[in-house]
Amino acid sequence: MTTELAPRPASASRTLMTFLLFPEHANALGKAFGGQVMAWADMCGGICSMRHSTGATVTVGVDDLQFEQPLLIGDVVSVEARVNATFRSSMEIEVVVHGENPATGKRWRCVEARLTVVAIDGDGKGRLVPELLPESDDDRRRMTEAAARREERLAKRKPR
Ligand SMILES: CC(C)(COP(=O)(O)OP(=O)(O)OC[C@H]1O[C@@H](n2cnc3c(N)ncnc32)[C@H](O)[C@@H]1OP(=O)(O)O)[C@@H](O)C(=O)NCCC(=O)NCCS
């Protein structure tokens, strides 16, 4: 096994991005534009997957993304991504977005989503990713649950 494929823990690729919600990130109601939040989630998940797999990746799917609570202009937005599980060339990445009112310190969850991301080589073909090294019971639970979700996703995959 090459060094690049040595198993590594989720803690090594955990990614946190923090933004201040400006008017250009909002819709006409002064709330975050959903597409902007999805772009931040995809960016954060993408960086996390690149850190784990040490190379280029592409997003192939997003599960069950819902906007639970709004974000308003002036809120601080935290986007956090971690690897839940790895397979052959694909990874399940969990992204959680929180809002925070900087004046009151109040913090709330806005979005939780799971991305399926594939590591690709220079020809755009899938390449092997390092296995995940569990460090806790929570890590092991995430791996088991992600494996079940993968089966559901593949069953729903559209034929090409
Ligand atoms: C990702 C991509 C390279 C896969 O190519 P492919 O020839 O279909 O390759 P495979 O069928 O071998 O799939 C590769 C992996 O992706 C997984 N996968 C592919 N489509 C999937 C889907 N819709 N949902 C979940 N997993 C999927 C496969 O299970 C496989 O995982 P594994 O290697 O861990 O077992 C190709 O689908 C692609 O380029 N898609 C466009 C990605 C893109 O442009 N994203 C937006 C910009 S980031």
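Structural data are supplied above this passage.
In short, a report on the structure. Position numbers for residues start from 1 in each chain and track the written sequence from start to end. It should be noted that, the model being predicted, local features are given only for residues of pLDDT at least 70 and side-chain atom pairs only at 80 or more, the latter also being counted only at that level, while totals for whole chains, interfaces and linings use all residues. Only heavy atoms go into the side-chain values, all of them from the structure, while hydrogens and water stay out.

Moving on, we get to the pattern of salt bridges. Any Lys or Arg side-chain nitrogen located within 4 Å of an Asp or Glu carboxyl oxygen qualifies as a salt bridge. Scanning the model with the defined rule gives 14 salt bridges in all. Two residues, Arg82 and Asp139, come together in a salt bridge whose shortest N-O distance is 3.2 Å. Remark: Asp139 occurs in helix 2 (residues 137-156) and Arg82 occurs in strand 3 (residues 76-86); sequence separation between them is 57 residues. Arg109 is the partner of Glu112 in a salt bridge, and the nearest nitrogen-oxygen pair spans 2.7 Å. The partly exposed category is assigned to Glu112, whose relative accessible area is 24%. Each of Glu68, Glu94, Arg109, Glu112, Arg114, Asp138, Arg141, Arg142 and Glu145 takes part in a single network of salt bridges with overlapping partners. Secondary structure counts use DSSP, requiring at least four H or I residues in a row for a helix and at least two E residues in a row for a strand, with both numbered from the N terminus. Relative accessible area decides the class of each residue, using a 1.4 Å probe on protein chains only: under 20% of the type maximum gives buried, over 50% gives exposed, and in between gives partly exposed.

Quick look at unusual backbone geometry now. The general pattern is negative phi for most residues beyond glycine and trans for most peptide bonds. For Thr54, which is not glycine, the phi torsion reads 50° and is therefore positive. Examined against the element boundaries, Thr54 turns out to sit in the loop between helix 1 (34-53) and strand 2 (57-67). Its identity as a non-glycine residue notwithstanding, Asp64 has a phi of 45°, on the positive side. Mapping Asp64 onto the fold places it in strand 2.

This next bit is on the site of the ligand. Only heavy atoms are used to decide nearness, and a residue is near a molecule or strand if one of them lies within 4 Å of it. The environment of the ligand is made up of 14 residues, and the closest members are Thr59, Arg88, Ser89, Ser90 and Arg160. Take Arg88: an N or O atom from its main chain is 2.9 Å from an oxygen atom of the ligand. Polar contact is the term for a pair of N or O atoms within 3.5 Å; when the atoms are in protein, one must be able to donate a hydrogen and the other to accept it, and sequence-neighboring residues count only if both atoms are side-chain atoms. Arg150 places a polar side-chain atom, nitrogen or oxygen, 2.9 Å from an oxygen atom of the ligand. Shrake-Rupley sampling with a 1.4 Å probe provides the accessible areas, and residues are treated as covered by the protein chains on show and by no other component. Relative to its free-state accessible area of 950 Å², the ligand is covered by the protein chains to the extent of 63%. Elements with a contribution of two residues or more to the shell around the ligand: strand 2, strand 5 (107-119) and helix 2.

Glancing now at the state of the cysteines. To count as a disulfide, a pair of cysteine sulfur atoms needs to be within 2.5 Å. Tallied over the entire structure, the rule returns zero disulfides. Cysteine Cys44 remains unbridged, with the sulfur of Cys48 as its closest cysteine sulfur at 7.1 Å. Using a relative accessible area of 0% as the deciding quantity, one classes Cys44 as buried. Of all cysteine sulfurs, the one in Cys44 lies closest to Cys110, which takes part in no disulfide; the gap is 14 Å.

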